[in-house]
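What the coordinates show
This is what each chain is made of:
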Amino acid sequence: MADMVAFAKMNGLGNKILVVDMRGRNDRVTAEAAIALAADPETAFDQIMAIHDPKAHGTDAFIDILNCDGSKAQACGNGTRCVVQAIAAETGRKVFTFQTVAGILNAVEHEDGTISVDMGRPVFDWKRIPLAEEFHDTRRIELQIGPIDAPVLHSPSAVSMGNPHAVFWVDRDVMSYDLARFGPLLENHPIFPERANITLAQVTSRTTMTTRTWERGAGLTLACGSAACAAAVSAARTGRTGRKVDVHVASANPPGLLTIDWRESDDHVVMTGPAEWEWSGTLDPASGAWQRDAEIVAGGGAAVP
Ligand SMILES: N[C@H](CCC[C@H](N)C(=O)O)C(=O)O
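One numbering rule holds for all chains: residues counted from 1, following each sequence as written. Residue-level local features of this predicted model are given only where pLDDT is at least 70; pairs of side-chain atoms are given and counted only at 80 or more, and the full residue set underlies all totals for whole chains, interfaces and linings. Think of the side-chain values as coming from all heavy atoms in the structure, minus any hydrogens and water.

Glancing now at the pattern of salt bridges. Any carboxyl oxygen of Asp or Glu that lies within 4 Å of a side-chain nitrogen of Lys or Arg is treated as forming a salt bridge with it. Counted according to the given criterion, the structure contains 17 salt bridges. Ionic pairing is found between E109 and K94, a salt bridge with its closest N-O pair at 2.9 Å. Here the residue E109 occupies a position in strand β7 (residues 103-109), and K94 occupies one in the loop between α2 (77-91) and β6 (95-100), the gap between them amounting to 15 residues. Note on classification: 1.4 Å probe, protein chains only; a residue is buried when its accessible area is under 20% of the maximum for its type, exposed when over 50%, partly exposed between these limits. The class for E109 is buried, based on a relative accessible area of 13%. Its relative accessible area of 37% is what places K94 among the partly exposed residues. Helix and strand labels come from DSSP, where a helix needs a run of H or I of at least four residues and a strand needs a run of E of at least two; each type is numbered from the N terminus.

Written out as C-alpha cells, the structure is:
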C-alpha cells in the first residue's frame with residue numbers, strides 16, 4: 001500500500017516504543033492511529049517516536065512524540081535512545097542532533113551499544129513546569145495523597161525535563177506502593193494544568209536510587225527515561241545525592257539502569273542507557289493498520305549468493 005511507512009517495535013528498559021519513519025512525507029501519525037496501535041496487543045506501546053524530515057538547519061530529524069492515549073509529549077528519553085539505535089543501524093553514524101517541540105537534543109551511540117542523550121537543562125520555574133499555583137521553591141511543593149494526617153505520599157519535587165514531572169521521595173520499596181491507584185489522581189491533579197508524570201524515588205546512596213513511574217498519557221510503564229532524569233536532578237537539588245546517579249528502574253524488563261549526569265559545566269542532563277530492537281513492519285499513519293515484515297530466518301530458504 002502506497003501509504004504505508006516503515007516502523008520498528010523497540011524498547012528502552014522495557015518502555016515500549018514504536019519508531020515510525022515519516023521522512024519524506026508531510027502528514028503526521030494521527031491520534032486515531034496511535035490509539036488503534038495501542039489497543040492491539042502486538043503493537044501495544046507507551047510512546048510513538050515519529051521521525052520526520054529536519055525542520056532546522058544542523059539537525060538530523062524532527063521527532064514527533066505521541067503517548068498511547070493519542071496525546072503529544074514533549075520529551076521521551078527511552079524513545080530517543082531507540083531512535084538513535086534505529087538511525088545508527090541504518091546509516092552507520094554515531095552522533096545525532098534531533099529537534100522536538102521542546103528543543104534540540106544531541107545524542108551519541110557508544111562502542112558498547114549504549115546510547116547517551118543530552119536531555120538539555122531542567123526547568124524549575126513553577127510557571128514553566130507548569131504548576132497552577134505559585135511555588136517559589138519547587139524542590140518541595142504542597143501536594144499529598146492519603147489520609148490528611150498520615151499521607152501516603154507528600155511534598156514532591158517538581159521539574160520539567162521538557163515535559164512535566166513530580167517526584168515523590170519514599171523510604172520503602174517503590175513497588176510496595178499502589179501507584180496504579182494514586183497515579184491517575186496525581187497525574188490529573190489541578191496543580192498540574194498540563195498533567196504530569198508521577199515518579200516514586202527511593203534514594204539508596206549518594207550515587208544510586210530506584211524509581212518507578214506513572215506516566216502522563218501512558219499509565220504504569222516498565223521504565224521512563226525523562227522521569228529518571230527528573231528524579232536524579234531533583235535528588236541532587238535537594239541534597240540527597242551528587243550530580244551523577246545510577247537510576248535503577250524498578251520495573252524495567254530486562255532489568256537495567258540509566259546513568260544520569262547533571263553536568264556542572266553547562267547544566268545539561270545526560271542520560272545513558274540501552275535500547276533494543278524487537279521486530280519491524282509497516283503501518284498506515286492515518287488509520288494505524290499495520291503489517292509485520294516477513295522474518296528472515298538464518299540458514300532457511302533460498303541461499304542468496
Ligand atoms: N517514556 C518516556 C516519557 C514519556 C513522557 C510522556 N508520558 C509525557 O510526558 O506525556 C521517557 O522515557 O522519557
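With that out of the way, let us pick up the domain arrangement of the protein. In terms of domain boundaries, the protein breaks down into domain 1 (5-118 + 276-292) and domain 2 (144-267). Just so you know, the domain bounds were taken from an automatic or database domain assignment. Taken over C-alpha atoms, the centre of domain 1 sits 23 Å from the centre of domain 2. Buried area is calculated as the accessible area (1.4 Å probe) missing from two parts once they are joined, with the contributions of both summed. Across the domain 1 to domain 2 interface the summed buried area is about 1400 Å²; carbon plus sulfur atoms make up 46%. The largest contributions to the domain 1 side of the interface with domain 2 come from L13, Q74 and A75, which together make up 39% of the buried area. Across the salt bridge formed by D118 and R263, the nearest N and O atoms sit 3.5 Å from each other. Under the rule applied, a polar contact is a pair of N or O atoms within 3.5 Å (in protein, one hydrogen donor and one hydrogen acceptor; residues adjacent in sequence only if both atoms are side-chain atoms). Our count for the domain 1 to domain 2 interface comes out at ten residue pairs in polar contact (both at pLDDT 80 or more). Where the side of domain 1 that touches domain 2 is concerned, the elements lending two or more residues are β1 (5-12), β5 (72-73) and α2. Among the elements that take part in the side of domain 1 that touches domain 2, α2 stands out by supplying three residues, more than any other.

So, on to the site of the ligand. If you check the shell around the ligand, you find 15 residues, and the closest are N15, G77, R216, G225 and S226. Within the backbone of G225, an N or O atom sits 2.6 Å from an oxygen atom of the ligand. Look at the ligand: alone it shows 360 Å² of surface, and the protein chains cover 100% of it. Any residue with an atom within 4 Å of a point lines the site, the site being either a cavity, points on a 1 Å grid over the protein atoms alone where a 1.4 Å probe fits but cannot get out, or a pocket, an open set with protein on both sides within 12 Å along at least 5 of 7 lines. To be counted as sitting in a cavity or pocket, a molecule needs more than half of its atoms within 2 Å of that site's grid points. Applying the majority rule of atoms within 2 Å of the grid points places the ligand in the largest cavity. Of all the secondary structure elements, the ones that give two or more residues to the shell around the ligand are α2 and α4 (225-237). Basically, the charged four are Asp, Glu, Lys and Arg, the nonpolar ten are Ala, Val, Leu, Ile, Met, Phe, Trp, Tyr, Cys and Pro, and anything else, Gly included, counts as polar. Tallied by class, the residues present in the shell around the ligand amount to four nonpolar, nine polar and two charged. Of the domains in this structure, domain 1 (5-118 + 276-292) and domain 2 (144-267) are the two that each give at least three residues to the shell around the ligand. Here a residue is near a molecule or strand as soon as one of its heavy atoms is found within 4 Å of it. Only the protein chains shown count as cover for residues, and all accessible areas are computed by the Shrake-Rupley method using a 1.4 Å probe.

The subject of this paragraph is α2. Any helix carries an expected span of 1.5 Å times its number of residues minus one. For α2, with 15 residues, the first-to-last C-alpha span of 21 Å sits near the 21 Å given by 1.5 Å per residue. The element α2 is largely enclosed, with a buried count of eleven among its 15 residues. Of all the positions in α2, only G77, N78, G79, T80, R81, C82, V83, V84, Q85, I87 and A88 are classed as buried. Of the residues flanking the end of α2, it is G92, one or two places downstream, whose phi is positive at about 80 degrees.

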